[in-house]
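Survey of secondary and tertiary structure
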Amino acid sequence: MENISPIQIKPELKTEQPGSEGNGQKQKIMIIGGAGLIGSRITKKLTDLGHEVVIYDKFYNFIESERDKYVFYLKRRLKELCPGIKIVYGDIRDDVNLLKALQENRPDTIIHLAQIPLATVSNKLSSEALDININGLTSLIKAIGSVDFVKRLVYSSSSFVYGHFKYAPADENHPTNPIDVYGGTKLAGEDIIKGFGTRFGIDYTIIRPSAVYGPTDVNLRVSQIFVDNAFNGRDLIMEGGGEACLDFTYVDDIAQGFTLAALSPKAKNEVFNITRGEGRTLKELSDILRQYFPNLKTIIKPADQTRPKRGALDITKARKILGYEPKYSLEDGIKEYVAYIKNHQE
Ligand SMILES: NC(=O)c1ccc[n+]([C@@H]2O[C@H](COP(=O)([O-])OP(=O)(O)OC[C@H]3O[C@@H](n4cnc5c(N)ncnc54)[C@H](O)[C@@H]3O)[C@@H](O)[C@H]2O)c1
């Protein structure tokens, strides 16, 4: 987990996108962190709609134990979801490289996903988390501020900005009270972007996802750990008696939400929860998995007090303004996830 050096496989991945002429309505969108779990799915959705996507990414893998799997699934993402996409290799903190990438590609919209995406790692590597999540964002803001073609910045925040939920489903007006480095840097990022938008007249859209799961995940969130353990005949450790409740969101649904938010004029300067909109317990997740792995056993452990107590997020605003409609129940999403792994066994 401590090793965060980048994977060096850029040369064979970099390709030029053909046919980038556009027709006036089509947008050019740069996805920073676009080679990740969520970014690669957004890329697929946007290119399917005819938009031009450029990925800017440093191919960071923050979890040492998943390194081989990361390389395997990164290749799958780029081959299956992002074929022919132009990829600029670079760190968001590299001011010169980032500005050059912006000037050469002239995106209308930037979707920013490039952060340490995990609470556990962010809390352990707090300096690195601050550096990427805050200084990286500052580099991006400086770069956008120095050009005149970027019209919107879409920022990936998190349900961690709410801290312990005071009520559920939590809407966007729920008090923000993060309890850790991850949630704190996410909320700071939201404020920096809002201030920057006002100061420089750059529109923003802030998205708060939660508990995303699905094929090619390698970040060891609880959903991936449960699925991996089921495949490998290992027991599932259920903290807090399995009663911990999360708004598990299938990766295709979060990609739908980001895509709608990036393209909709109505999303300008708005904050959206984008999730499934349902709280489901770890016990429910294990019961769903048991349908595919009947011998699956669970072990009960005390609750992890360092994590915020969460639950369902209210997605009414995204439904009304963006027309967002999540398609995958937890049952449907796990079915897709299990099938994908079966078809892509190493
Ligand atoms: N997956 C979830 O459950 C979830 C929930 C809430 C919020 N988010 C947020 O969504 C975003 C994307 O999450 P994900 O699950 O796709 O994570 P991911 O790790 O799969 O993707 C992140 C991408 O950003 C890139 N990156 C990281 N640091 C970088 C840097 N300094 N310079 C350039 N590229 C860099 C990585 O190489 C990776 O491709 C993150 O900001 C995360 O905090 C995710």
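Residues numbered from 1 in each chain as written. Predicted model: local features only at pLDDT ≥ 70, side-chain atom pairs only at ≥ 80, totals over all residues.

The next subject is the overall build of the chain. What the chain contains, in helices and strands, is 11 helices and 13 strands. Relative to the compact-globule value of 20 Å for 346 residues, the chain shows a C-alpha radius of gyration of 19 Å, a close match. Taken over the C-alpha atoms alone, the chain extends approximately 55 × 45 × 40 Å along its principal axes. Taken over 346 residues, the chain has a buried fraction of 45%. Long-range contacts, defined here as pairs at least 24 residues apart, represent 83% of the contacts in the chain between residues at least 6 apart. (Helix = DSSP H or I, 4+ residues; strand = E, 2+ residues; numbered from the N terminus. Rg over C-alpha atoms; globule rule 2.2 N^0.38 Å. Buried ≥ 20, exposed ≤ 12 C-beta atoms within 10 Å, placed from the backbone. Contact = placed C-beta atoms within 7 Å.)

Below, the discussion takes up the nonpolar core. Among the nonpolar cores identified, the biggest contains 95 residues, and Ile31, Ile32, Ile55, Ile111, Val154, Phe258 and Ala261 are the most heavily contacted of them. Those residues in contact with Val154, other than ones at most four positions away along the chain, are Thr109, Ile110, Ile111, His112, Thr205, Ile207, Phe258, Ala261 and Ala262. (Core = buried A, V, L, I, M, F, W, Y, C linked by C-beta atoms within 7 Å.)

Right, let's talk about the confidence of the model for the chain for a bit. Confidence along the chain averages 90 in pLDDT terms, with 93% of residues attaining 70 or more. Every residue in residues 1–24 is under pLDDT 50, and counting partners more than four places away or in other chains gives 36 contacts. (pLDDT = per-residue confidence, 0-100.)

Our next topic: the environment of Arg76. With respect to the secondary-structure elements, Arg76 resides in helix α2 (residues 67–81). Separated by 140 residues in the primary sequence, Arg76 and Thr216 place their C-alpha atoms 7.7 Å from one another. Setting aside anything within four residues of it in sequence, one finds Arg76 in contact with Thr216 and His344.

The next thing to look at is unusual backbone geometry. The omega torsion across Ala168 and Pro169 is 0°, close enough to zero to call that bond cis. Among the secondary structure elements, Pro169 is positioned in the loop between β5 (152–156) and α6 (181–200).

What follows covers the site of the ligand. Within the structure, the ligand sits among 27 residues, and Gly33, Gly36, Ala114, Pro117 and Val212 are positioned closest to it. At the level of elements, α1 (37–48) and α5 (126–145) are the ones that each hand at least two residues to the shell around the ligand. Per-element tally for the shell around the ligand: the top contributor is α1, with three residues. Split by residue class, the shell around the ligand holds 13 nonpolar, nine polar and five charged. (Near = placed C-beta within 6 Å. Nonpolar A, V, L, I, M, F, W, Y, C, P; charged D, E, K, R; others polar.)

Another point: the sheet that holds strand β3 (residues 86–89). Spatially, the seven strands line up as an open sheet ordered β3-β2-β1-β4-β5-β6-β11, and their pairing is parallel. Strands at the two margins of the open sheet, each flanked by one partner only, are β3 and β11 (270–273). Averaged over all pairs of adjacent strands, the angle between their axes in this sheet comes to 20°, without regard to strand direction. Relative to β3, strand β2 (residues 52–57) runs parallel, the two sharing four bridges. Paired with Ile55 across the two strands is Ile87, which belongs to β3. On top of the sheet, α1 reaches β1 (28–32), β2 and β4 (109–112); it is set at about 165° to β2, its chief contact. (Pairing = 2+ DSSP bridges. Axes fitted to C-alpha atoms, helices over the stretch in contact; angles between N-to-C directions.)

Further remarks concern the packing of helix α3 (residues 95–105) against α5. The axes of two packed helices give the description: the angle between them and the distance between them. For the pair α3 and α5, the least separation of the axes is 9 Å and the interaxial angle reads 40°. Judged on the interaxial angle alone, α5 and α3 are oblique. Relative to α5, the crossing made by α3 is right-handed. Across from Asp95, Leu98, Leu99 and Leu102 in α3, the residues of α5 making contact are Ser139, Leu140, Lys142 and Ala143. Of the residues belonging to the contact of α3 with α5, the class tally is five nonpolar, one polar and two charged. (Parallel < 35°, antiparallel > 145°, perpendicular 65-115°, else oblique. Left-handed = near helix turned anticlockwise from the far one by under 90°.)

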